[in-house]
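# A closer look at the structure
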Amino acid sequence: MALPSPARFCPRCAAPLAPDASGRPACGIDGCGYTWYPDPKVAVGVLAERDGQLLLVRRNHEPAFGRWAFPSGYVDAGEVLEDAARREVLEETGVTVRLDRLLGAYSEPGSPVVFIAYAGTITDGDPAPGDEALEVGMFAPDALPPFPFPHDAAVLAAWSAGAAR
Ligand SMILES: [Zn+2]
């Protein structure tokens, strides 16, 4: 599925980009050969537990402004996935987590985002909102707020399946 190009001009020679035979934005200048390929964006999230409750953040940015969600964010290029997951939890909630297991990898047609979810345990700190959270809270698994994103139900199901063992 083709995604829209963020640029209208060739980054190599500045000629206008136009769809090629496969619909990808491409440069028509002989000898240039530039074609725009959308890179996936990798995001990570953590279902972090302490005393049987899950750590959630209320988002202060779009998408899903004001909604409760588990801590998540984009991986920096060159950053190890697990480091990114721990970093996002620390930035958004002020706590340190140990990652216990991989829950799964999730993607959708037409979306550039590949989302990788972990189960973790809070090992240090008291939850407090960071720059990307309106508030943070601990929720019992049977009293969770409705989650905003399409993959959230599958992530939660994977967490529940492991937690029941
Ligand atoms: Zn070009």
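Residues numbered from 1 in each chain as written. Predicted model: local features only at pLDDT ≥ 70, side-chain atom pairs only at ≥ 80, totals over all residues.

### Quick notes on the overall build of the protein
Basically, it comes down to this: Under the DSSP-based scheme used, a helix requires at least four consecutive residues in state H or I and a strand at least two consecutive residues in state E, with every element numbered from the N terminus. Put simply, the radius of gyration uses C-alpha atoms, and a globule should come to 2.2 Å times the residue count raised to 0.38. Buried, partly exposed and exposed are defined by the number of other C-beta atoms within 10 Å of a residue's own C-beta, namely 20 or more, between the two limits, and 12 or fewer respectively, with C-beta atoms placed from the backbone. Throughout, a residue-residue contact means that the two C-beta atoms, derived from backbone geometry, are no farther apart than 7 Å.
Counting its regular elements, the protein contains 2 helices and 9 strands. Taking 15 Å as the expected radius of gyration for a compact globule of 165 residues, we find that the protein reaches 19 Å, considerably beyond that expectation. In terms of overall dimensions, the protein has C-alpha extents of about 65 × 30 × 30 Å along its principal axes. Expressed as a percentage of the 165 residues in the protein, the buried residues total 25%. Here the analysis covers contacts within the protein between residues at least 6 apart in sequence; of these, 58% occur between residues at least 24 apart.

### Quick look at the domain arrangement of the protein
By a frequent convention, interface size equals the accessible area lost on bringing the separate parts together. Put simply, the test is: As used throughout, domain bounds are those supplied by an automatic or database domain assignment.
Once the domains are mapped, the protein shows domain 1 (1-37) and domain 2 (41-163). Between domain 1 and domain 2, the C-alpha centre-to-centre distance is 36 Å.

### Details of the pairing of strand β8 (residues 113-124)
What counts is decided by this rule: DSSP bridges decide pairing: two strands pair if at least two such bridges lie between them.
With 9 bridges joining them, strand β3 (residues 41-50) and β8 adopt parallel strand pairing. Along β8, the bridge assignment pairs G45 with A117. Pairing of strand β7 (residues 96-106) with β8 involves 9 bridges; the strand directions are antiparallel. By the bridge assignment for β8, T96 is matched with D124. The turn joining β7 and β8, which pair antiparallel and follow one another in sequence, is formed by 6 residues; a positive phi near 85 degrees is taken by G110.

### As for helix α1 (residues 81-93)
Formally: To estimate the expected span of a helix, count its residues, drop one, and scale the result by 1.5 Å.
With 13 residues, α1 ought to run about 18 Å at 1.5 Å a step, and its terminal C-alpha atoms sit 18 Å apart, in line with that. Within α1, the full set of buried residues consists of A84, A85, R86, E88, V89, E92 and T93. Packed against the buried residues of α1 are β3, β4 (53-59), β6 (72-74), β7, β8 and β9 (133-139). Of the residues flanking the end of α1, it is G94, one or two places downstream, whose phi is positive at about 80 degrees.

### Details of the nonpolar core
Worth spelling out the cut-off: Only buried residues count toward a nonpolar core: Ala, Val, Leu, Ile, Met, Phe, Trp, Tyr and Cys, linked into one set through C-beta atoms within 7 Å.
If you look at the biggest cluster of nonpolar residues, it comprises 27 residues, and the most contacted ones within it are V46, L47, A48 and A117. At the level of secondary structure, the elements contributing two or more residues to this core comprise β3, β4, α1, β7, β8, β9 and α2 (152-163). Among the elements that line this core, the one with the most residues is β8, at 6 residues. Leaving out residues up to four positions away in the same chain, V46 has contacts with F70, P71, A85, V89, V97, Y118 and G120.

### As for the environment of P19
Note on placement: P19 falls in strand β1 (residues 17-19). A count of 11 C-beta atoms within 10 Å places P19 in the exposed class. For the pair P19 and T35, spaced 16 residues apart in sequence, the C-alpha to C-alpha distance is 9.1 Å. With residues up to four places along the chain from it excluded, the contact list for P19 reads R24 and P25.

### Brief notes about α2
Worth spelling out the cut-off: An arc is given here, and it is the one of the directions from the helix axis to the C-beta atoms.
With 12 residues, α2 should reach 16 Å at 1.5 Å per residue; the first-to-last C-alpha distance of 16 Å fits that figure. Here α2 has its buried residues at D152, V155 and W159. Each buried residue of α2 lies within a common arc of 65 degrees when the element is viewed along its axis, so the set occupies one face. What points out from α2, more than 90 degrees from its buried face, is the exposed set A153, A157, S160 and A161. For α2, the secondary structure elements touched by its buried residues are β3, β7 and β8.

### Points about the environment of G94
For G94, the position within the fold is in the loop between α1 and β7. With 16 C-beta atoms counted inside 10 Å, the residue G94 sits in the partly exposed group. With 87 residues separating them along the chain, G94 and A7 place their C-alpha atoms 37 Å apart.

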